[in-house]
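Structural characterization, general
The primary structure of each chain is shown beneath.
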Amino acid sequence: FWDPLGFTRDGDAANFKRRRVTEIKHGRVAMLAAMGYITPEFFKFPGYLSVAEDIRFADVPNGLAAISKVPAAGWLQIVAYGLYCEGTGGFGYNSAGQVSDAGD
């Protein structure tokens, strides 16, 4: 394996496995983020993003300009879901007995 910074010098196999699974998870999240950035160029959901604030999905610009258009409640939902997945073992490594093989 390749370890230029020497994170695995201590020889702890459990830490190595956790780091490997975490790196794969972060790669998958990055791929989803890239798709989330590209997809609005080709498709937007019909209807309202926020009925209370009268914002339609079609009104939200693409790219980074969308950050200021999404209501705070929407960002709260995104962050809460991410924390839920991270905290409950939704990615398969957060507690003993849940450690999965790299690539699962």
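Within each chain, residues carry numbers counting from 1 in the order of the written sequence. Local features in this predicted model are restricted to residues whose pLDDT is 70 or higher, and side-chain atom pairs enter the listing and the counts only when it is 80 or higher, whereas totals over whole chains, interfaces and linings include all residues. Excluded from the side-chain calculation are hydrogens and water; included are all heavy atoms of the structure.

1. Examining the overall build of the chain
Rules: Starting at the N terminus, helices and strands are each numbered in turn, a helix being any DSSP run of H or I of at least four residues and a strand any DSSP run of E of at least two. Summary of the burial criterion: residues with accessible area below 20% of their type's maximum are buried, those above 50% are exposed, and those between are partly exposed, where the area comes from a 1.4 Å probe applied to protein chains only. Pairs of residues are marked as contacts when any of their non-hydrogen atoms sit within 4.5 Å. Computed with the Shrake-Rupley method and a 1.4 Å probe, the accessible areas treat only the protein chains shown as cover for residues.
The secondary structure content of the chain amounts to two helices and two strands. Start at the N end of the chain and walk to the C end: the helices and strands fall as α-β-β-α. Looking at the chain as a whole, 14% of its 104 residues are labelled buried. Contacts in the chain between residues far apart in sequence, at least 24 positions, make up 29% of those at least 6 positions apart. Of the accessible surface of the chain, which amounts to about 8,000 Å², a share of 64% is contributed by carbon and sulfur atoms.

2. Focus: the environment of Tyr48
Within the secondary structure, Tyr48 sits in strand E1 (residues 48–50). Discounting residues that sit within four places of it in the chain, Tyr48 has contacts with Asp54, Ile55, Arg56 and Phe57.

3. Looking at helix H1 (residues 13–38)
To keep it simple, the criterion reads: Between the first and last residue of a helix there are one fewer steps than residues, each counted as 1.5 Å, and that sum is the expected span.
Between its terminal C-alpha atoms H1 stretches 38 Å, which fits the 38 Å expected from 26 residues at 1.5 Å a residue. Three or more residues of H1 are buried, namely Val21, Thr22 and Lys25. On the buried face of H1, the contacting elements are helix H2 (72–87).

4. Concerning the packing of aromatic side chains
Rules: Centres within 6.5 Å are what make two rings of Phe, Tyr or Trp a pair, Trp counting through its six-membered ring; a difference in plane orientation under 30 degrees is then read as stacked, over 60 as edge-to-face, and the rest as tilted. Here, over-ring charges are defined by two tests on the NZ atom of lysine or the CZ atom of arginine: distance to the ring centre within 6 Å, and angle to the ring normal within 35 degrees.
One pass over the full model with this rule turns up two aromatic pairs. On the basis of an interplanar angle of 80° and a centroid distance of 5.2 Å, the ring pair of Phe43 and Phe45 is categorised as edge-to-face. Using a relative accessible area of 45% as the deciding quantity, one classes Phe43 as partly exposed. For Phe45, a relative accessible area of 53% translates into the label exposed. Chaining the aromatic ring pairs together yields one cluster made of Phe43, Phe45 and Phe57. For the cation-ring pair, Arg56 lies above Tyr48, with the distance from its terminal atom to the ring centre recorded as 4.3 Å.

5. Regarding the confidence of the model for the chain
Put simply, the test is: Per-residue confidence from the predictor is reported as pLDDT, which spans 0 to 100.
Of all residues in the chain, 84% have pLDDT values of 70 or greater, and the mean over the chain is 81. Here H1 is the element of the chain with the lowest mean pLDDT, 83, and strand E2 (residues 55–56) is the one with the highest, 92.

6. Description of the side chain of Ser50
Relative to the helices and strands, Ser50 is located in strand E1. Contacts of Ser50, omitting those with residues within four sequence positions, involve Ile55 and Pro71.

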